[in-house]
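Here's the letter readout for the chains.
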Amino acid sequence: MTVTSETTPVSHYQRIGGASSVKAAVELFYDRVLADPELAGYFTDVDMAGQRRHLALMLTVVLGGPNEYTGRGLAEAHQPMNIPVAHYAKVGAHLTEVLTQLGVPADVLAHVRTVLGEVQDQVVATGNRPGA
């Protein structure tokens, strides 16, 4: 007799190591972004401890972890900042480079890139979109 058990698919969040891995990625990400002269100005008057916490919660959701995010929506938080496509792309590049540095598998990176593409219109200022 063979005993089998149903297995729940493992989320990307679990695969990369859960909360501790997400926190490490967020720390490295903001270290990079704050050192980038083109991006650092967006965070001049931002509570970075809170910002890091928000991103960790959002990244957790993106990766299939528990949804405990209760902050503002992406558009509400970002549209007033008039973020151009070029800066959005730089932020996305910093995130994917950090995840790559941390050894995140290629399929998880592809998922993150897909989500970045899906939410771009919520973050990039309307007048800064191609064709706008």
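Look up: the structure comes first, before these words.
The rules behind each value
- The numbering scheme is per chain: residues are counted from 1 as the chain's sequence reads.
- Two thresholds apply to this predicted model, a pLDDT of at least 70 for residue-level local features and 80 or more for giving and counting side-chain atom pairs, whereas whole-chain, interface and lining totals are computed over all residues.
- With hydrogens and water set aside, each side-chain value is computed from the structure's full complement of heavy atoms.
- Buriedness of a pocket was judged along seven lines, with at least five required to meet protein on both sides within 12 Å; pockets are open sets of points on a 1 Å grid over the protein atoms alone, cavities are sets where a 1.4 Å probe fits but cannot get out, and lining residues have an atom within 4 Å of a point.
- Grid points are joined across faces, edges and corners, and a volume is the space filled by probe spheres set on the points.
- Segments assigned H or I by DSSP are reported as helices when at least four residues long, segments assigned E as strands when at least two residues long, and all are numbered from the N terminus.
- By the convention adopted, Pro, Cys, Tyr, Trp, Phe, Met, Ile, Leu, Val and Ala count as nonpolar, Lys, Arg, Asp and Glu as charged, and the other residues, Gly among them, as polar.
- Only the stretch in contact is used when a helix axis is fitted, and all axes are lines through C-alpha atoms; the angle between N-to-C directions ranges over 0 to 180 degrees.
- Here is the rule for angles: anything less than 35 degrees is roughly parallel, anything more than 145 is roughly antiparallel, 65 through 115 is roughly perpendicular, and the remaining ranges are oblique.
- The crossing is said to be left-handed when, going from far helix to near helix, the turn is anticlockwise and less than a right angle, and right-handed when the turn is clockwise.
- Note on contacts: a residue pair qualifies if any of its non-hydrogen atoms lie within 4.5 Å across the two residues.

**Quick word on the layout of surface pockets**
One simple way to see leftover space: roll a probe sized like a water molecule over the atoms.
For step 1, the next point in the chain: Looking at the largest pocket, its volume works out to about 970 Å³.
For step 2, the next point in the chain: Listed by contribution, the elements that provide at least two residues to the lining of the largest pocket are helix H2 (19–35), helix H3 (48–62), helix H4 (74–78), helix H5 (85–101) and helix H6 (106–123).
For step 3, the next point in the chain: Top element by residues in the lining of the largest pocket is H3. It accounts for eight residues.
For step 4, the next point in the chain: Each residue belonging to the lining of the largest pocket can be placed in one class, and the counts come to 24 nonpolar, eight polar and two charged.

**Looking at the packing of H2 against H5**
For step 1, the next point in the chain: At a closest axis distance of 9 Å, the pairing of H2 and H5 adopts a crossing angle of 135°. Here H2 is positioned oblique relative to H5, judged by the angle of their axes. Considering the relative orientation of H2 and H5, their crossing is right-handed. Residue-level contacts link Ala 25, Leu 28, Phe 29, Arg 32 and Val 33 of H2 to Val 91, His 94, Leu 95, Glu 97, Val 98, Leu 99 and Gln 101 of H5.

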